[in-house]
Amino acid sequence: MPKPGLDKVDKILEKDVAILEGMDISGHWNRMFEQRVVWDYSTEILERITSLSGGESLGWCYQCGKCVPVCPVDMVGDYGPRKIYRKVQLGIDLFHDPDLWLCTTCMNCLRVCPKEVNMIEIMPAAREVAVQDGNVPPELQKVFENTAKYGNPMGESPRKRAEWVKEAGVPVTILPMTPRPVDVLWYVGSYPSYHPRGKDAARAMARVFYALGVDYAILGHEEKEDGDSIRLAGEKGLFEMLAESNIRTFQKYSFNRIVVTGPHEYNAFKNLYPQYGGAFEILHYTQFLAPMLPQLQKMFVKELPYTVTFHDPCYLGRHNGEYDAPRKLLQAIPGIRLVEMPRCRENGYCCGGGGGGMWLDGFSRDFIRERLSDRRVKEAVEVGAEILAVCCPYEVSRFEDSVKATGNEGKLLVRDIIELIDEAMGSPKTR
Ligand code: SF4
Ligand code: SF4
């Protein structure tokens, strides 16, 4: 029996080639090649990455390219998961390649990736191997050593951790010196404890808490770096030591909740410390203060007639979904006009400080055209902002450097939201 339709076939030339009305309908051209054997490239590195715990999803990339236009590093260089995957496929050794250190783990690629290729897990897993092999940029290695030895990335003395308190102008309880039950344990963080501009924000926070009558205390010299960025930069063992040490310290004292200054400790304490036995109620300071706005607004005594734009920190916004609390606070300050940059909220542009980037500016310089923070400062100027408001302790120093580097001194100020609140409450300007 001829197959249906085959009676219409003009001729069958060979076994698999059929011609209908002069047209080859067999599709034999689709089957005319031997399957290619790919032996130009070694798959060893790709297999090594995908066999790591956390590295598996690199193998799921199907090269759709959605991640590249949203990657902040690609905007100033040549990057993004699609490109990383392709380069690894073509044989680069990611464990020894500068690309390993450029990802800031900002999560914008994961937001749009249909295959859930997760650079936030892939990069720390691959970096962990590099760290174990001793293949780490020297400036990052120094940060690991400082943190292991002194409990902070700057290598400052733990005894000086609470020195900023002396110039706060209000009393601050330091629990190891005056142990007592408190409502709020304020985890200050390394940059607010030691960096000159971070200390400005810490002092402003102390004044605001005091004015609001918050029953709070800090840990002073017993506080250590939270370790989140250390982990993302590949030193998981050190992160675990810091987590265990901080949890032991927290458990010594009686409090209801922990309020943190920065998004990185927020991420670490909320999402990771519970795996190490430390589950506490955690609030970023903007989340703690936003419900107290009716009280705060009665205390504002000064108008701040500024056009302000807000930079969403990746680890408060994309990683933890908080976009509104900082904006509510800013909008409540009398006189402030809030304008948004085009890249904001879910699509906020990374400052370059996450995932260890805070300590890799010197290293990255050779591989990107422009610092991410420089790019962000230009975006703030383009929307007419006079103040770039932040609520992550990495950002004040990064952006202030960038304001100078991009020639925008006198045009744009960088302020932590808490400094603006403090100023509106009548405290002297911090700068
Ligand atoms: S969006 Fe995901 S699947 Fe598409 S190219 Fe990027 S990593 Fe690959
Ligand atoms: S996490 Fe951010 S920096 Fe890293 S590849 Fe994805 S988009 Fe780029």
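Caption draft 1: Structural detail: the site of ligand 2. Neighbouring ligand 2 are 15 residues, the closest being Cys71, Cys103, Cys106, Cys109 and Met119. Its residues assigned to classes, the shell around ligand 2 comprises 11 nonpolar, four polar and no charged.

Caption draft 2: Broad picture of the packing of helix H7 (residues 196–212) against helix H17 (residues 417–424). Axis separation between H7 and H17 bottoms out at 8 Å; the angle between their running directions is 50 degrees. When the interaxial angle is binned, H7 and H17 end up oblique. Crossing handedness for the pair H7 and H17: left-handed. Of the residues in H17, those in contact with Asp200, Ala201, Ala204, Met205, Arg207 and Val208 of H7 are Ile418, Glu419, Ile421 and Asp422. Residue composition of the contact of H7 with H17, grouped by class: six nonpolar, no polar and four charged.

Caption draft 3: Representation of the site of ligand 1 within the structure. The environment of ligand 1 is formed by 13 residues, the closest being Cys61, Cys64, Cys67, Arg82 and Cys113. Among the residues forming the shell around ligand 1, the class breakdown is eight nonpolar, two polar and three charged.

Caption draft 4: The arrangement of the sheet that holds strand S8 (residues 307–310) in detail. Read from one edge to the other, the open sheet built from four strands follows the order S9-S8-S10-S11, with strand pairing classed as parallel. One side of each edge strand has no neighbouring strand; the edge strands of this open sheet are strand S9 (337–339) and strand S11 (413–416). In this sheet, adjacent strand axes meet at a mean angle of 35 degrees when their direction is disregarded. The sheet contact formed by S8 and S9 spans three bridges and is parallel. Looking at the pairing, Thr309 lines up with Val339 of S9. On the sheet, helix H16 (residues 393–405) packs against strand S10 (387–390) and S11 and is oriented at approximately 175 degrees with respect to S11. The strands that H17 touches are S10 and S11; relative to S11, the one it contacts most, it runs at about 85 degrees.

Caption draft 5: Inspection of the nonpolar core at higher detail. Among the nonpolar cores identified, the biggest contains 118 residues, and Met205, Leu388, Ala389 and Ile421 are the most heavily contacted of them. With eight residues, the single largest contributor to this core is helix H4 (residues 119–132). The contact partners of Ala389, leaving out residues within four places of it in the chain, are Val308, Thr309, Phe310, Leu330, Arg415, Ile417 and Leu420.

Caption draft 6: How the structure looks around the pairing of strand S4 (residues 182–187). Bridge count for S4 against strand S6 (residues 255–260) is five bridges, and the pairing is parallel. Bridge assignment links Val184 to a residue of S6, and that residue is Arg257.

Caption draft 7: Here's a closer look at the sheet that holds strand S5 (residues 216–217). In spatial order, the strands read S5-S4-S6-S7; together these four strands make up an open sheet with parallel pairing. Pairing within the sheet leaves two strands with one partner each, and these edge strands are S5 and strand S7 (282–284). Here three bridges tie S6 to S7, and the two strands are oriented parallel to one another. In the strand pairing of S7, Val259 is matched with Leu283. Lying on the sheet, helix H10 (residues 263–272) is in contact with S4, S6 and S7; it crosses S7 at an angle near 165 degrees.

Caption draft 8: Inspection of the environment of Thr406 at higher detail. Considering the arrangement of structural elements, one finds Thr406 in the loop between H16 and S11. Once the C-alpha coordinates of Thr406 and Ser373 are considered, the two residues, 33 residues apart in sequence, prove to be 9.9 Å apart.

Caption draft 9: View of H4. If you check H4, its first and last C-alpha atoms are 20 Å apart, about what 14 residues at 1.5 Å a residue would give, namely 20 Å. Burial analysis of H4 places 11 of its 14 residues in the buried class, which makes it a mostly covered element. Inspection of H4 places Met119, Ile120, Ile122, Met123, Pro124, Ala125, Ala126, Arg127, Glu128, Ala130 and Val131 among the buried residues, and these make up the whole buried set. If you follow the buried residues of H4, they end up packed against helix H1 (44–50), helix H2 (81–89), helix H3 (108–112), helix H8 (228–232) and helix H9 (236–252). Just downstream of H4, Gly134 is the residue with a positive phi angle, here 75 degrees.

Definitions and limits used
- Residues numbered from 1 in each chain as written.
- Chains lettered and ligands numbered in written order.
- Predicted model: local features only at pLDDT ≥ 70, side-chain atom pairs only at ≥ 80, totals over all residues.
- Near = placed C-beta within 6 Å.
- Nonpolar A, V, L, I, M, F, W, Y, C, P; charged D, E, K, R; others polar.
- Axes fitted to C-alpha atoms, helices over the stretch in contact; angles between N-to-C directions.
- Helix = DSSP H or I, 4+ residues; strand = E, 2+ residues; numbered from the N terminus.
- Parallel < 35°, antiparallel > 145°, perpendicular 65-115°, else oblique.
- Left-handed = near helix turned anticlockwise from the far one by under 90°.
- Contact = placed C-beta atoms within 7 Å.
- Pairing = 2+ DSSP bridges.
- Core = buried A, V, L, I, M, F, W, Y, C linked by C-beta atoms within 7 Å.
- Buried ≥ 20, exposed ≤ 12 C-beta atoms within 10 Å, placed from the backbone.
- Expected span 1.5 Å × (residues − 1).

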